[in-house]
Amino acid sequence: MPQGSIIGAYIAPGLPHLASDIAAVSWDALRRGFHQAGEHIHALQPDVLVLYSTQWISVLGHSFQTHPNPQGLHVDENWYEMGDFPFDLRVDADLGTRAAAIAASLGLATKTVNYHGFPIDTGTLVALRFVNPANQFPVAVVSCNIYAGQEDSLTLGKAVRQAIAESSKRAVVISCTGLSARFFTDEIAPYNDRLSQTEDDAWNRRILGLIEQGRNAEVLAMSGDYARTAAVDMGFKAFAWLMGTLDTPSSPGAVLAYGPVWGTGAAVVEYQL
Amino acid sequence: MADSGQILAGFLAPHPPHLVYGENPVRNEPRSTGGWEMLRWAYEKCRAKIKAWKPDVILVHSPHWMTIVGHHFLRVPHLAGLSVDPIFPHIFRYQYDMNVDVELADACFEETQKEGLVAKKMTNPHFRVDYGTIVSLHMLNPEWDIPILGISANNSPYFYSTEIGQEQMVKLGRATARAIAKTGRRAVLAASNTLSHLHYDREPELIEDMNKEVIFNNSQYQWDMRVLELMRSGHTEQLMAIMPEFMEKAAAEVKSGGLTWMLAAMGFPTTPAQVHGYWTVIGTGNAVVEWDLTHKAA
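How each quantity is defined
Residues numbered from 1 in each chain as written. Chains lettered and ligands numbered in written order. Predicted model: local features only at pLDDT ≥ 70, side-chain atom pairs only at ≥ 80, totals over all residues. Heavy atoms only, no water. Helix = DSSP H or I, 4+ residues; strand = E, 2+ residues; numbered from the N terminus. Rg over C-alpha atoms; globule rule 2.2 N^0.38 Å. Buried < 20%, exposed > 50% of the residue type's maximum accessible area, 1.4 Å probe, protein only. Contact = heavy atoms within 4.5 Å. Areas by Shrake-Rupley, 256 points an atom, 1.4 Å probe, with all protein chains shown as cover. Lys, Arg positive; Asp, Glu negative; His and termini not counted. Charge placed at Lys NZ, Arg CZ, Asp CG, Glu CD. Buried area = accessible area lost by both parts, 1.4 Å probe. Salt bridge = Lys/Arg side-chain N within 4 Å of Asp/Glu carboxyl O. Nonpolar A, V, L, I, M, F, W, Y, C, P; charged D, E, K, R; others polar. Pairing = 2+ DSSP bridges. Axes fitted to C-alpha atoms, helices over the stretch in contact; angles between N-to-C directions. 1 Å grid on protein atoms, 1.4 Å probe; cavity = no way out; pocket = protein on both sides within 12 Å on 5 of 7 lines; lining within 4 Å. Points joined across faces, edges and corners; volume = space filled by probe spheres on them. Parallel < 35°, antiparallel > 145°, perpendicular 65-115°, else oblique. Expected span 1.5 Å × (residues − 1). Bend = angle between axes of the 7 residues up to and from the residue.

Draft legend 1. How the structure looks around the overall build of chain A. Helix and strand counts for chain A stand at seven helices and ten strands. Relative to its length of 273 residues, chain A is compact, with a C-alpha radius of gyration of 17 Å against a globular reference of 19 Å. Once the C-alpha set of chain A is aligned to its principal axes, its extents read approximately 50 × 40 × 35 Å. The buried share of chain A, taken over its 273 residues, is 61%. Long-range contacts, defined here as pairs at least 24 residues apart, represent 81% of the contacts in chain A between residues at least 6 apart. Accessible surface, chain A: about 10100 Å² in total, of which carbon and sulfur atoms supply 51%. Computing the positive centroid from 17 side-chain charges and the negative centroid from 27, chain A places the two 6 Å apart.

Draft legend 2. A look at the interface of chain A and chain B. In this complex, chain A contributes 33 residues to the contact, which on the side of chain B involves 34 residues. Each partner contributes to the roughly 2700 Å² buried at the junction of chain A and chain B, and carbon and sulfur atoms together form 60% of this total. For Glu203(B), the salt bridge goes to Lys111(A), with nearest N and O atoms at 2.9 Å. Elements represented by at least two residues in the side of chain A that touches chain B include exactly β2 (48-58) and β4 (71-75) of chain A. The class makeup of the residues in the side of chain A that touches chain B is 18 nonpolar, seven polar and eight charged.

Draft legend 3. Quick look at the pairing of strand β2 (residues 57-67) of chain B. Residues and elements named next belong to chain B. The buried count for β2 comes to nine of eleven residues, which makes it a mostly enclosed element. Examined bridge by bridge, β2 and strand β8 (residues 186-191) share five bridges and lie parallel to one another. Each bridged residue has a counterpart across the sheet, and for Leu59 the counterpart in β8 is Leu189. Bridge count between β2 and strand β7 (residues 148-154): seven bridges; the pairing is parallel.

Draft legend 4. Structural detail: unusual backbone geometry. Of note in the backbone geometry, Ser168(A) takes a positive phi value of approximately 65 degrees without being a glycine. Among the structural elements, Ser168(A) can be located in the loop between α4 (150-167) and β8 (170-176). Its identity is not glycine, yet Lys54(B) carries a phi of approximately 50 degrees, on the positive side. Structurally, the position occupied by Lys54(B) is in the loop between α2 (37-53) and β2.

Draft legend 5. Expanded view of the environment of Ala165(A). Here Ala165(A) shows up in helix α4. Between the C-alpha atom of Ala165(A) and that of Pro13(A), which follows or precedes it by 152 residues, the distance is 26 Å.

Draft legend 6. Examining the packing of helix α1 (residues 25-44) of chain A against helix α3 (residues 122-131) of chain A more closely. Residues and elements named next belong to chain A. For the pair α1 and α3, interaxial distance at closest approach is 7 Å and the crossing angle is 65 degrees. Counted together, Arg31, Phe34, His35, Gly38 and Ile41 of α1 and Val126, Ala127, Phe130 and Val131 of α3 form the full contact between these two elements. Among the residues forming the contact of α1 with α3, the class breakdown is six nonpolar, two polar and one charged.

Draft legend 7. Summary view of the layout of surface pockets. Taken as a whole, the second largest pocket spans an internal volume of roughly 310 Å³. Residue lining of the second largest pocket: 18 residues in total, with Gly72(A), Leu73(A), Gly117(A), Leu82(B) and Arg128(B) positioned closest to the centre. Among the secondary structure elements, those contributing two or more residues to the lining of the second largest pocket are β4 of chain A together with β4 (78-84) of chain B. In terms of residue count, the dominant contributor to the lining of the second largest pocket is β4(A) (four residues). Its residues assigned to classes, the lining of the second largest pocket shows ten nonpolar, seven polar and one charged.

Draft legend 8. Quick peek at the packing of α2(B) against helix α4 (residues 131-140) of chain B. All names here are of chain B. Between α2 and α4, the least distance of the axes is 7 Å, while the angle of their chain directions is 70 degrees. Classed by the angle they form, the pair α2 and α4 counts as roughly perpendicular. Contacts between α2 and α4 involve Arg40, Tyr43, Cys46, Arg47 and Ile50 from the former and His138, Met139 and Leu140 from the latter. Across the contact of α2 with α4, the residue classes tally to five nonpolar, one polar and two charged.

Draft legend 9. Layout of helix α8 (residues 236-249) of chain B. All names here are of chain B. Between its first and last C-alpha, α8 extends 19 Å over 14 residues, near the 20 Å set by a 1.5 Å rise per residue. Where α8 bends most, at Ile242, the angle is about 45 degrees, and the proline Pro244 comes one to four residues later. Of all the residues in α8, the buried ones are Thr236, Leu239, Ile242, Met243, Phe246 and Met247. Those residues of α8 hidden inside the fold are in contact with α6 (162-183), α7 (218-232) and α9 (258-265). Two residues or fewer after α8 comes Ala251, characterised by a positive phi angle close to 45 degrees.

Okay, here's the thing in structure tokens:
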């Protein structure tokens, strides 16, 4: 049996504004970047999409979705006016189960989640709406443990990498995360959206610049400072997870889009592997 | 009825789903052999009092409906569905069915805006009610025969600072009290909060194994007792004064604002509160506490 491999990797935003039909310069640019990513993924014809979402929060270790067919209707708890998210996912339960077992063997607390009615998070559903609109590809989804640091997140990614290798499948991994996460806390007109702090914008651009040069190890080393200074979404541990899946390559990431969503930083980044 | 409403009582009503799981109600799918009786029996005392009062509405402020832009109020007349706890799905898969007091929601919305706060009405009928709201309401009134009003926890205490967050909750409490008064409601308030909140991240094989249920550390136990003593003695001013330190030292969940909102709505009562029960849940400190204002209202 041939060894599985990761054939594409992405950083993707997960706020529901992007799934709405509300026009805004930044949101439109991010949508275009997202659609571009979706087209590339479609061309790759992967066997599975593996997502890590900062909006699926866990506290009892790391959770892995293993229900074969989660169905339902999700509404975001903050922006419920941005539209409903009906979902009918095809989950690669074997991959999730194996990744959980490997992660546990590496010392992480893990849980598999196989329950009818389990809530699927907004980030996962926003990303899938763009990159898997026809529900063509099976998915595996991993939670964001709020207590995990960079080391654990790297280990989690490594477990996913090993599970993919053992599976003989061709996978695309997607790290669904925001960048700087300082939201505007008032109502804003979407067309007036901007980064809530210019310093955050500078940090985001600096990090994305390093990613474009393939200096991913440097980004990992700077992640703590970046997270603290720019209030990055879940401490930017989603990037560590992604690097764990890719074994921290020196491959450059292409920034397909970058801009604000309600004051926060968001980017679509593509690693061609 | 205008301006004749009153707050009958306020409850500190913690929401670990373990309490519902331990009780084995028909609405919750998983079965247990019990557990956490000290808290469940404490809630039973509250249920009896609420039944006797026959309130028009129970309002609950829940940290698991966390909102970024403003303070939100459920504003859909009827909400029903299956709530699967994203953290504890193995013990909480609950069929909820609740009637919402939308007139009171409108009044709260208006009064909150008058306080200079951002307010929103949640009008999406497909909205999934959070498990904090559901657990606290189930434990106070498992028959669900009293209308409710769910209020979100704006994340200002975490986004800005404890001080700014608590200031907002005081304003929200004042607004809630005025809304209750002007709509003529006889209301019960519920702050859906644990006390100390450091917890274990591994569960025993038998979830309800009480042999494994202990406080996370003695320091947070001491903090919980200090706070409860102030409640029991009616020293609300001192309680409010030490709350920021309590939040920091014991990672107390009251930081999310529910207790401050409730005390503010009740006018920071000096009535001694009744502690019906205290116990831990995966190491966190939980107390069911009642402020009975009916003697004031009579």
